[in-house]
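Each chain is listed here by its residues.
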Amino acid sequence: MSDARSHEASPTAPRADVIPVPAVPRVDVRGGGRFPVHRIYCVGRNFADHAREMGAVAPASKAERGTPVFFMKPADAIVTGEVVAYPPGTADLHHEVELVVAIGHDAAPGVLPVEQAQALVFGYTVGLDLTRRDLQAAAKAKGLPWDTGKGFDHSAPVSALLPAADAGDYAAMALDLDINGVRRQHGELRDLVWDVADILHELSKLYALRTGDLVFMGTPAGVGPLLPGDHFHARLHPHGLVVDGVIAPARGAAMLAATASARQQTSLSKGAADGHDE
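Rules of the game
- Residues numbered from 1 in each chain as written.
- Predicted model: local features only at pLDDT ≥ 70, side-chain atom pairs only at ≥ 80, totals over all residues.
- Heavy atoms only, no water.
- Pairing = 2+ DSSP bridges.
- Helix = DSSP H or I, 4+ residues; strand = E, 2+ residues; numbered from the N terminus.
- Axes fitted to C-alpha atoms, helices over the stretch in contact; angles between N-to-C directions.
- Buried < 20%, exposed > 50% of the residue type's maximum accessible area, 1.4 Å probe, protein only.
- Contact = heavy atoms within 4.5 Å.
- Polar contact = N/O pair within 3.5 Å; in protein donor to acceptor, adjacent residues only side chain to side chain.
- Salt bridge = Lys/Arg side-chain N within 4 Å of Asp/Glu carboxyl O.
- Core = buried A, V, L, I, M, F, W, Y, C linked by side-chain atoms within 4.5 Å.

## Digging into the sheet that holds strand β18 (residues 241-248)
1) Next: Taken in spatial order, the five strands line up as β6-β18-β17-β13-β14 in an open sheet, and their pairing is mixed. Pairing within the sheet leaves two strands with one partner each, and these edge strands are β6 (83-85) and β14 (182-188). Looking at each pair of strands side by side, their axes are set apart by 20° on average, direction ignored.
2) Next: Here strand β13 (residues 174-179) pairs with strand β17 (residues 231-237) via six bridges, running antiparallel.

Now the structure itself:
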């Protein structure tokens, strides 16, 4: 056997990547730096009013809540710009505004104790769980997974992360979402059926929680449709974290992105001249 063939067959020989390494999605952090995203977990039916509007039975008490509903989105579903292309395969795109929790430390092996869960949290932000509602409804009717309704390209717009040390008690925060200047959703985070520590504890029974994970914590009532051209403005109070953008037809997204970038540069220049920003 030739030296080349012997080297190729060696199990200890280093192996080069055969394709370029995909870019790691990242989210800006308020105060500086960026947060690389590992996985995106999502929680369903975590506000009683939303559970009711979707036809589910809302728990009357903490003791009756059962187990949480989880699903996932791909990490590269993250959107940090101002333009979101209307996705293919749907005629019923919906908005769901949510608290997003960022994990800054690996959890120890095994089930994470509730009292230790908060120590894993790096920070918080606001995000949209965009949903192809018609595909989700069709899957639910057949008892099938929701993947095509939830886990698609550009389905997770988020704002910059606020470090937990600067955030205070998340239960004192609130979420708002306006579409074209009209309030569609509002939720007080003290009304979560499962709080952050509970959710991390329950997730750890199923997955190894890792640095870089994001958890979308569920949406309040008021979910509804988004159409091409709609402007969305989501906010996490009282910290001024904002997701602000427009839904674009797929073929018009690139042009709108260029316009949005120019508008953002103008806004930044004006903010610098005025000596403040939001």
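## A look at helix α7 (residues 196-203)
1) Next: With eight of eight residues buried, α7 is to be regarded as a mostly interior element.
2) Next: Taken together, the buried positions of α7 are Val 196, Ala 197, Asp 198, Ile 199, Leu 200, His 201, Glu 202 and Leu 203.
3) Next: Those residues of α7 that are buried are in contact with β3 (40-44), β4 (69-73), β8 (97-103), α3 (114-117), β9 (121-128) and β15 (214-216).
4) Next: The distance from a side-chain oxygen at the start of α7 to the backbone nitrogen of Ala 197 is 3.3 Å, and the residue carrying that oxygen is Asp 195.

## What about the sheet that holds strand β16 (residues 224-225)?
1) Next: The three strands lie next to each other as β10-β7-β16, forming an open sheet whose pairing is antiparallel. One side of each edge strand has no neighbouring strand; the edge strands of this open sheet are β10 (131-132) and β16.
2) Next: Sheet topology note: the strand β7 (residues 93-95)/β16 ladder contains two bridges and is antiparallel. Residue pairing in the sheet places His 95 in a bridge with Gly 224 of β16.

## Some points on the environment of Asp 129
1) Next: With respect to the helices, strands and loops of the structure, Asp 129 is situated in the loop between β9 and β10.
2) Next: Taking C-alpha positions, Asp 129 is 8.4 Å from Gly 218, a pair spaced 89 residues apart along the chain.
3) Next: If near-sequence neighbours (up to four positions away) are discounted, Asp 129 is found in contact with Phe 71, Lys 73, His 94, His 95, Glu 96, Glu 98, Lys 150, Ser 155 and Phe 216.
4) Next: Looking at Asp 129, its side chain comes within polar contact range of the side chain of Lys 73, at 2.8 Å.

## Examining the environment of His 201
1) Next: Here His 201 is to be found in helix α7.
2) Next: Along the chain, His 201 and Gln 116 lie 85 residues apart, while their C-alpha atoms are 8.8 Å from each other.
3) Next: In contact with His 201, not counting residues within four places along its chain, are Val 111, Leu 112, Pro 113 and Val 114.

## Here we look at the pattern of salt bridges
1) Next: Under the counting rule described, the total for this entry stands at ten salt bridges.
2) Next: In this structure, Lys 73 and Asp 129 form a salt bridge, with 2.8 Å as the shortest nitrogen-oxygen distance. Here Asp 129 lies in the loop between β9 and β10 and Lys 73 lies in strand β4, a separation of 56 residues in the sequence.
3) Next: Given a relative accessible area of 4%, Lys 73 falls into the buried group.
4) Next: Taking the shortest distance from any N to any O, the salt bridge between Arg 133 and Glu 96 comes out at 2.7 Å. With a gap of 37 residues between them, Arg 133 in helix α4 (residues 133-141) and Glu 96 in the loop between β7 and β8 connect regions that are remote in the sequence.
5) Next: Owing to a relative accessible area of 4%, Glu 96 belongs among the buried residues under this scheme.

## Focus on the nonpolar core
1) Next: Formed by 47 residues in total, the largest nonpolar core has its most connected members in Leu 99, Val 101, Leu 200 and Val 215.
2) Next: Of all the secondary structure elements, the ones that give two or more residues to this core are β3, β8, β9, β13, α7, β17 and β18.
3) Next: Grouped together as the second largest cluster of nonpolar side chains are 18 residues, Phe 35, Val 37, Ile 40 and Phe 216 included.

## Examining unusual backbone geometry
1) Next: A cis amide bond links His 237 to the next residue, Pro 238, at an omega of 5°.
2) Next: Residue position: Pro 238 is located in the loop between β17 and β18.
3) Next: Positioned with a positive phi, Arg 45 is a non-glycine residue whose angle comes to about 55°.
4) Next: In this structure, Arg 45 sits in the loop between β3 and α2 (48-53).
5) Next: A positive phi is found at His 154, a non-glycine position, where the angle reads about 65°.
6) Next: Mapped onto the fold, His 154 is located in the loop between α5 (147-150) and β11 (156-157).

Functional significance is not addressed by these values, which are geometric in nature.
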